Every structure is written in structure tokens, then in C-alpha cells.
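Spelled out from the first residue to the last, the chains are:
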Amino acid sequence: QVHLVESGGGSVQAGGSLRLSCSASGYTYTSNCMGWFRQSPGKEREGVAAILLGGSTTYYHDSVKGRFIISQDRVNNTVYLQMGDLKPEDTAMYYCAAAPLTAPLCGRAWGLEGVTIISWGQGIQVTVSS
């Protein structure tokens, strides 16, 4: 069992920035890929970004590419999502997640149908005002 704890959400004005953190504990060797999903009222859950643990492969949804950067601290078993130039449409509940994905799939299949999420964070609210 992998336990994920999120932190770093909050409220900002459009154009501002926030950094989300997701710390993992437990057995993580089967959780090769970690990242975030987001969901807002009336919208489907959306894969935001992901990173291959111990590697450099990353995934970004087209809507956040160039604005968000995902990174990892292997010593502290923590993944970070630096969110810049935030827009009102980024407003959502953000959920950290872990999945047993290989490098190619971590880079292209995050959030797609058929991907099995083995652990979820508690969720953290990000609100961007205009």
C-alpha cells in the first residue's frame, strides 16, 4: 500500500503561481509513475501531469504545457508540481496519484482509460480568480 499526502494548494489571482507537493510512503516500487489529476464541478476528471519515478519521463496535458513543471525529490519521496501563469480554468480539486506505468506509458497515457491508479492523495483545492 502506498500512502500519498498532498499539500500546497490555495487561492491566487490569475497569473500567479502555486506549488503542489505529494509525499509518498509505504512500498513504492510498483508505483513507477506519479502525478496529478484534477476535477471541477461539471467536468470530467483530467490528467494534469505525471513523472516517471527515478527517471526523466514526464507527461503534461496540453492545457498546462509550458506553464506547469513536474519534478521529484527521490531522497524525500516527494513529487512537486510547480504551477505558473495560473488561469481561472485551472480552478479544480487536484488529486495526487500513483500508477504502475512504464516509461513510455507514463509519458503518454496518464489519465487515459485503462490506466490503473493504485493510490490517491486526499485532494487539495486550487482556486484561481480573475
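Everything discussed here concerns the structure shown above.
Residues numbered from 1 in each chain as written. Predicted model: local features only at pLDDT ≥ 70, side-chain atom pairs only at ≥ 80, totals over all residues. Heavy atoms only, no water.

A. Looking closely at the environment of Cys-33. Relative to the elements of secondary structure, Cys-33 occurs in strand β4 (residues 33-39). Note on Cys-33: relative accessible area 0%, which makes it buried. With 65 residues separating them in the primary sequence, Cys-33 and Ala-98 have C-alpha atoms 5.8 Å apart. Those residues in contact with Cys-33 that lie beyond four places of it in its chain are Ala-50, Ile-51, Leu-53, Ala-97, Ala-98, Ala-99, Leu-101, Cys-106 and Trp-110. (Helix = DSSP H or I, 4+ residues; strand = E, 2+ residues; numbered from the N terminus. Buried < 20%, exposed > 50% of the residue type's maximum accessible area, 1.4 Å probe, protein only. Contact = heavy atoms within 4.5 Å.)

B. How the structure looks around the sheet that holds strand β1 (residues 2-7). Taken in spatial order, the 4 strands make up an open sheet running β1-β3-β8-β7, and their pairing is antiparallel. A strand with exactly one partner marks an edge of an open sheet, and here the two such strands are β1 and β7 (68-73). Adjacent strand axes in the sheet meet at a mean angle of 20 degrees, parallel and antiparallel pairs treated alike. By the bridge criterion, 6 bridges tie β1 to strand β3 (residues 18-26) in an arrangement that is antiparallel. If you follow Glu-6 over to β3, its bridge partner there is Cys-22. (Pairing = 2+ DSSP bridges. Axes fitted to C-alpha atoms, helices over the stretch in contact; angles between N-to-C directions.)

C. Representation of the packing of aromatic side chains. One pass over the structure, following the stated rule, counts 3 aromatic pairs. Seen from their ring centres, Phe-37 and Trp-120 are 5.2 Å apart, and the 55 degrees between their planes marks the pair as tilted. Of this pair, Phe-37 sits in strand β4 while Trp-120 sits in strand β10 (residues 119-120), placing them 83 residues apart in sequence. A centroid spacing of 6.3 Å and a plane angle of 90 degrees characterise the contact between Tyr-95 and Trp-120, whose relative ring orientation is edge-to-face. Of the two residues, Tyr-95 sits in strand β9 (residues 92-99) while Trp-120 sits in strand β10, which places them 25 residues apart along the sequence. (Phe/Tyr/Trp six-rings, centres within 6.5 Å; stacked < 30°, edge-to-face > 60°.)

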